[in-house]
Amino acid sequence: QKLTWRSNQHDISICRMKGKHEAECRNFVKVLLVRNESLLFVCGTNAFNPVCANYSMDTLEPVGDNISGMARCPYDPKHANVALFTGGMLFTATVTDFLAIDAVIYRSLGDSPTLRTVKHDSKWFKEPYFVHAVEWRSHVYFFFREIAMEFNYLEKVVVSRVARVCKNDMGGSQRVLEKQWTSFLKARLNCSVPGDSHFYFNVIQAVTNILELDGRPVVLAVFSTPANSIPGSAVCAFDMTQVAAVFEGRFREQKSPESIWTPVPEDMVPKPRPGCCASPGMRYNSSSAFPDEILNFVKTHPLMDEAVPALGNAPWILRTMTRYQLRKIVVDTAAGPWGNHTVVFLGSSTGTVLKFLILPNATSSPTPTAPGSQSIFLEEFETYQPGRCGRDTEEERRLLGLELDKAAGSLLLAFPPCVARVPVARCQQHSGCMKNCLGSRDPYCGWTSEGSCVFLEPSPRVAFEQDIAGGSTSHLGECEGLVTESFVDEPDGLVSVNLLVISSVAAFVIGAVISGFSVCWFIGHRDRKELARRKDKETILAHSESVVSVSRLGERRARGALLAPLMPNGWPKELGKVTQHDLDSGVLPTPEQTPLQQKRCPGALQNCTWEQSHNIINAALRDPGGSGPAGAGRGHGG
């Protein structure tokens, strides 16, 4: 069945009048939730006039009237939002206005009163980008990134956060926080590489639902570095019990707009603890009954002092200096024929998918671990097919969504022009060799007795062999085309040492030979040029007999041929029209062709050839009209 939900022409016309493009003035679905066993709850941007509706899951027919999508769905399809249903109540995180200035966490529908976060308060939100929401115990947790006000002295610093609100929050009193959350608190998520100076991955990109790993409630989150930093991505795991514990710790405050943020002393925190959930049996069985002191403290102190630590205090998966950044994540916690392995699929900004195996007991390490030591890289493959999807451009390849279809054993990927389905494993590429199949360490693949590598269905009936732990393929012979050897047999994805040594030696030998030939050719070419230059010099000297000979020629010839030996094609002008400014330095003798200047003759020597030749040249330049002395053209004995 197919349902097309279009905007009406009136909404489109108003959208165009507001200055939006025709492509923006459409109905983009931003919320799609299962409300109950029979209803789907859907919200769309509706040409910048958001609207929500209920549809039957069986017939996809509308049920009831449409309701406003304000605070439930963004106006602009490019804006991020999250939503979930719990207890018949809709919890959303989005923006409430056309200009996307008012960010809000909002509760509506159900029997409880409508609540929202404080409006236009930078201590609560500062340009947030919402990523995901999960329900755990008595709270709803929201994961997002925002500009950190506690680091306002460092310009705009983006950090990742987790915030929570009580599901049974009834709002504050008529004096403080009326129709607003009384339980809103937020804390920083710490996904960093430990060391003397931590390297932080501050930009949260995606978060999973709560998974049970080794008996612990865990969420995996993808982080990246800012655009102006070293490109890199990381996957960190967070235990929800540790997340909850941070909200029981110290608060952080800024006493004045110019001061730095500091922890609040414990004796300054009122009782009962601000941000807690009121419940029957407590002194205050409803949040609306809290004293103003508690409500005012919550309003001005929403930030926790401590950050939520990642499991192992290091990323489970780490990728830096790559041509892409990781954007999406899905996890199969029951991978393999017996459902006892955890595999993580990561979607990049360009549609490339990376697959990792999470090692057993990864959540139970008591001491800090090395980054990336909790996972094994399995494979990387491309999913965008230009032949089927369209043009192969950066915009067309942008990954919009990634989902796991466990029943079909495939991944679903959404791109702007198409939706692609790819298998979770490519076992057939290892069918030519047993070592390839076992060395892949892929829980989805197994080597059968028929001599092929096949995808293993749950609870298979055929006999197969796997080597997920690694180390049992060394006795097998080498085979051609081992694709995954460099990622399996060597730690941390390093290339074989033997291959590295051979490549280095070969590169050195080839480089030395090429360098030797280059040097020999250059020296020979330089010698040939020098020899040619000397021949040219000797030719010039043979015609002109050096500068002294030129002067002597000037004594025996007319002035018009004075510099002729230096110009193979003749002088372009008559010498009588040449002045000192007309002489081109390019036709004058070079320093190598010019000997040292001879000394003037003593006055007692009357027959001095150099002196007389020099006077003739000067006279020719000063008197272009040809009225020189009568004896200027007469030859003198050499």
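Each chain carries its own residue numbering, running from 1 in the written order of its sequence. Two thresholds apply to this predicted model, a pLDDT of at least 70 for residue-level local features and 80 or more for giving and counting side-chain atom pairs, whereas whole-chain, interface and lining totals are computed over all residues. Side-chain measures here rest on the full set of heavy atoms in the structure, leaving out hydrogens and waters.

**Structural notes on the pattern of salt bridges**
By convention in these notes, a salt bridge is any Lys or Arg side-chain nitrogen within 4 Å of a carboxyl oxygen on Asp or Glu. Enumeration over the complete set of coordinates arrives at 24 salt bridges. Between Lys-78 and Asp-76 there is a salt bridge; the shortest N-O distance is 3.3 Å. Burial classification: accessible surface area is computed with a 1.4 Å probe over protein chains only, and a residue below 20% of its type maximum counts as buried, one above 50% as exposed, and the rest as partly exposed. Judged by its relative accessible area of 59%, Lys-78 falls in the exposed class. Arg-398 is the partner of Glu-395 in a salt bridge, and the nearest nitrogen-oxygen pair spans 2.9 Å. We classify Glu-395 as partly exposed; its relative accessible area is 43%. We classify Arg-398 as partly exposed; its relative accessible area is 38%. Each of Arg-323, Glu-380, Glu-382, Asp-392 and Arg-397 takes part in one network of salt bridges that share partners.

**Section: the nonpolar core**
Ranked by size, the top nonpolar core spans 31 residues in total, and within it Tyr-141, Phe-143, Phe-223 and Phe-238 carry the most contacts. Segments assigned H or I by DSSP are reported as helices when at least four residues long, segments assigned E as strands when at least two residues long, and all are numbered from the N terminus. Elements with a contribution of two residues or more to this core: strand E9 (129–136), strand E10 (139–147), strand E12 (185–190), strand E15 (203–207), strand E17 (216–224), strand E18 (232–239) and helix H2 (240–246). Here a residue-residue contact requires only that any non-hydrogen atoms of the pair lie within 4.5 Å. Sequence-distant contacts of Phe-143, defined by excluding residues within four places in its chain, comprise Phe-130, Val-131, His-132, Val-134, Arg-161, Val-162, Leu-189, Ile-204, Val-207 and Val-219. Here, nonpolar core refers to any group of buried Ala, Val, Leu, Ile, Met, Phe, Trp, Tyr and Cys residues whose side-chain atoms link them within 4.5 Å. Within the second largest apolar cluster, 30 residues are counted, among which are Ile-376, Val-422, Val-424 and Cys-453.

**Remarks on the environment of Pro-265**
Within the secondary structure, Pro-265 is located in the loop between strand E20 (261–263) and helix H3 (292–300). Considered as a pair, Pro-265 and Phe-251 are 14 residues apart in the sequence and their alpha carbons are 8.3 Å apart.

**Quick look at the sheet that holds strand E28 (residues 410–414)**
The sheet built from 3 strands is open, its strands ordered E27-E28-E29 with antiparallel pairing. Bordering the open sheet on either side are strand E27 (401–405) and strand E29 (419–423), each of which pairs with just one other strand. Averaged over all pairs of adjacent strands, the angle between their axes in this sheet comes to 20°, without regard to strand direction. Note on pairing: DSSP must find at least two bridges between two strands before they are called paired. Where E27 lies against E28, 5 bridges are found, and the strand directions are antiparallel. Note on definitions: angles span 0 to 180 degrees between N-to-C directions of axes, and those axes are lines fitted to C-alpha atoms, for helices only across the stretch in contact.

**Topic: the state of the cysteines**
In this description, a disulfide is simply a cysteine sulfur pair whose atoms lie within 2.5 Å. The full count for this structure, using the stated rule, is 7 disulfides. Residue Cys-15 pairs covalently with Cys-25 via a disulfide, S to S 2.0 Å. Its torsion about the S-S bond being -80°, the disulfide of Cys-15 and Cys-25 is classed as left-handed. Residue Cys-15 is found in helix H1 (residues 9–17), and its partner Cys-25 is found in the loop between H1 and strand E1 (29–34); the two are separated by 10 residues along the sequence. There is no split in this pair, since Cys-15 and Cys-25 are both buried. Here Cys-166 pairs with Cys-277 through a disulfide, and the sulfurs are 1.8 Å apart. Linking Cys-166 and Cys-277, the disulfide has an S-S dihedral of approximately -95° and is accordingly described as left-handed. Here the residue Cys-166 occupies a position in strand E11 (residues 158–166), and Cys-277 occupies one in the loop between E20 and H3, the gap between them amounting to 111 residues. Comparing Cys-166 with Cys-277 shows no difference in burial state: the two are buried.

**A word on a nonpolar patch on the surface**
Taken together, the side chains of Tyr-153, Leu-154 and Ile-260 make up a nonpolar region of the molecular surface, amounting to roughly 350 Å² of accessible area. With respect to the helices, strands and loops of the structure, Tyr-153 is situated in the loop between E10 and E11. Patches draw on residues past 30% relative accessible area with no salt bridge. Two like charges within 9 Å are joined, as are two nonpolar side chains (Val, Leu, Ile, Met, Phe, Trp, Tyr) within 5 Å. Using the Shrake-Rupley algorithm and a 1.4 Å probe, accessible areas are obtained, with residue cover drawn only from the displayed protein chains.

**Some details on the environment of Thr-96**
Along the chain, the position of Thr-96 falls in the loop between strand E6 (89–95) and strand E7 (103–108). Separated by 10 residues in the primary sequence, Thr-96 and Tyr-106 have C-alpha atoms spaced 9.6 Å apart. Other than its neighbours up to four places away in sequence, Thr-96 contacts Met-70, Ala-71, Tyr-75, Asp-102 and Val-104. Two N or O atoms form a polar contact when they lie within 3.5 Å of each other; inside protein one atom must be a possible hydrogen donor and the other a possible acceptor, and for residues adjacent in sequence the pair counts only when both atoms belong to side chains. At 2.7 Å, the side chain of Thr-96 forms a polar contact with the side chain of Asp-102.

**Points about unusual backbone geometry**
The amide bond that connects Lys-271 to the next residue, Pro-272, takes the cis arrangement and shows omega of -5°. Structurally, Pro-272 is set in the loop between E20 and H3. Positive phi, normally seen in glycine, also occurs at Leu-109, with a value near 60°. Along the polypeptide, Leu-109 turns up in the loop between E7 and strand E8 (115–116). In the Ramachandran plot, Arg-441 falls in the positive-phi region, its phi being about 60° despite a non-glycine side chain.

**Here's the deal with the confidence of the model for the chain**
Reading predicted coordinates in detail is not appropriate for stretches of low pLDDT. Scored by pLDDT, the chain has a mean of 82; 78% of the residues are at 70 or more. Confidence drops under a pLDDT of 50 for residues 537–607, and excluding neighbours within four residues, the segment shows 63 contacts in the predicted structure. Low pLDDT, under 50, characterises residues 625–638; the stretch is placed with 10 contacts to residues that sit more than four places away or in other chains. Each residue carries a pLDDT score, the predictor's confidence in it, ranging from 0 to 100.

**Details of H1**
Residue pairs three or four apart in sequence face the same way in an α-helix, which turns once every 3.6 residues. All of the buried residues in H1 are Asp-11, Ile-12 and Cys-15. Along the axis of H1, the buried positions cluster into a sector of 100°, meaning they face one direction only. Those residues of H1 that are exposed and angled more than 90 degrees off the buried face are Gln-9, His-10 and Met-17. The residue sitting at the N-terminus of H1 and contributing the capping side-chain oxygen is Asn-8; that oxygen lies 3.2 Å from the backbone nitrogen of His-10. The positive-phi residue at the C-terminal boundary of H1 is Gly-19, with phi of around 95°. To obtain the arc, one takes the directions from the helix axis to the C-beta atoms.

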